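An overview of the molecular structure
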Amino acid sequence: MLPALLPAATSDLDLAPWVWWVTIGVAVAVLAFDIAVIARRPHRPSTKELVSALAVYVGAAVLFGLGLWFTAGGQIAGEFFAGWLTEYSLSVDNLFIFILIMASFRVPEKYQQFALMVGIVIAIVLRGIFIAVGAAAIDRFSWVFYIFGAFLVYTAWKLASGGETDDDEYEQNRFMRLVSKRFPASEDYDGTKLFTRQNGSRLATPLFFVIVALGTTDLLFALDSIPAIYGLTDEPYLVLVANLFALMGLRQLYFLIGGLLKKLIYLSYGLAVLLAFIGVKLILHALHENELGFINGGEKVPVPEIPIAVSLGAIVVILGVTTVLSLWRTRRHPELVED
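The structure reproduced in this document is the subject of the present report. (Residues numbered from 1 in each chain as written. Predicted model: local features only at pLDDT ≥ 70, side-chain atom pairs only at ≥ 80, totals over all residues. Heavy atoms only, no water.)

1. Remarks on the packing of aromatic side chains
What counts here: Centre distance within 6.5 Å is the pairing criterion for rings of Phe, Tyr and Trp, where only the six-membered ring of Trp is used; planes under 30 degrees apart are then read as stacked, over 60 as edge-to-face, and the remainder as tilted. Helix numbering and strand numbering both begin at the N terminus, where a helix is a DSSP run of H or I of at least 4 residues and a strand a DSSP run of E of at least 2. The cut-offs for exposure are 20% and 50% of the maximum accessible area for each residue type, with area from a 1.4 Å probe on protein chains only; residues under the lower value are buried, those over the upper are exposed, and the others partly exposed. A ring is considered to have a charge above it if a Lys NZ or an Arg CZ atom is located within 6 Å of its centre and within 35 degrees of its normal.
Applying the stated criterion across every chain yields a total of 15 aromatic pairs. Both rings, one in Phe64 and one in Tyr237, keep their centres 6.3 Å apart while their planes meet at 45°; by these two values the pair is tilted. A residue pair is termed long-range when its members are at least 10 positions apart, and Phe64 in helix α3 (residues 47-72) and Tyr237 in helix α9 (residues 236-248) qualify at 173 residues. Seen in terms of ring centroids, Phe195 and Phe208 are 5.0 Å apart; in terms of plane orientation they differ by 45°. Their pairing is tilted. You can see Phe195 sitting in strand β1 (residues 195-198) and its partner Phe208 sitting in helix α8 (residues 206-230), a full 13 residues away along the chain. What makes Phe195 partly exposed here is its relative accessible area of 26%. Chaining the aromatic ring pairs together yields one cluster made of Trp20, Phe64, Phe80, Phe81, Trp84, Tyr88, Tyr237 and Phe245. The residue whose ring lies beneath Arg202 is Phe195, and the NZ or CZ to ring-centre distance is 4.4 Å.

2. Structural notes on the nonpolar core
Stated formally: We define the nonpolar core as a collection of buried residues of types Ala, Val, Leu, Ile, Met, Phe, Trp, Tyr and Cys that are connected through side-chain atoms lying within 4.5 Å of one another. Contacts were defined at the residue level, with two residues in contact if any of their heavy atoms lie within 4.5 Å.
If you look at the biggest cluster of nonpolar residues, it comprises 95 residues, and the most contacted ones within it are Phe80, Trp84 and Phe98. Residue contributions to this core peak at 16 residues, all from helix α4 (residues 74-104). When near neighbours in sequence (up to four residues on either side) are disregarded, Phe80 contacts Ala61, Phe64, Gly65, Leu68, Leu238, Val241, Ala242 and Phe245.

Here is the structure:
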């Protein structure tokens with residue numbers, strides 16, 4: 001019930017409820033179709049299949065953005081493109097952990113596509129709730145931008161100093177450990193079934209735990225990405241569709257650029273710069289809308305705000321420079337790429 005949860009005052013788009021429901025309905029239909037097809041014929045997708053599907057998702061996102069441009073103006077379209085690119089770039093970083101989860105659970109290659117699809121559906125549902133809660137908080141408390149901004153700057157510092165993508169082992173979070181204790185498990189996969197029967201007992205298959213791990217781990221990543229997108233737009237609808245377009249194309253990226261990920265040795269630093277930039281933008285916005293009594297007597301602080309055109313340009317430059325430098329460095333020094 002996302003449209004009902006979101007406060008109407010937060011959106012300048014003034015969207016009718018049917019727009020929300022059509023958007024969600026189309027996303028549900030596409031995802032349900034994908035899951036049904038994959039469950040019926042589990043396999044490792046071919047490169048042609050992956051490229052075709054990714055082209056459809058990316059093309060749909062670009063067409064959606066152009067549609068916004070013609071119907072709502074360049075500002076709204078720019079906010080969508082900035083949010084979508086940011087979410088996509090952060091999702092690429094998430095793929096490192098997804099690969100580790102698959103390896104940790106020893107998921108057969110032909111079942112990985114199904115696990116990713118169901119995990120992504122869980123992630124979309126959980127992110128939808130998170131987006132609604134964030135929108136409600138922003139609508140009622142403008143100071144929440146200070147928290148979002150500070151958190152992104154802190155996350156950027158952690159990424160730059162620790163390089164989260166350098167992890168070589170997957171460590172279960174507390175929720176996963178709780179699930180593992182709650183559900184008796186079998187040791188073997190049973191096709192795409194999440195539960196199976198052995199000796200009269202109903203047991204969870206390893207695939208069940210893989211899907212739960214993918215979905216809940218992605219929610220942890222959303223703690224970074226959703227505040228980041230709210231730093232680029234205050235339209236909950238744009239935050240939602242940016243997440244939808246990014247996550248719906250994530251499965252293809254997982255298979256297409258698995259090897260390339262190892263070459264993006266500066267990805268953590270690039271994402272750190274990106275999150276720090278958006279964090280500063282959020283703090284500036286919070287100062288501009290300030291209502292906290294201990295800051296400037298509760299009055300708005302006359303600070304410059306970063307236009308969306310500058311934000312979009314910065315995102316493209318940061319991601320482009322990060323990719324080019326990473327590929328240039330690993331080409332000159334192949335030993336930097338881990339096996």
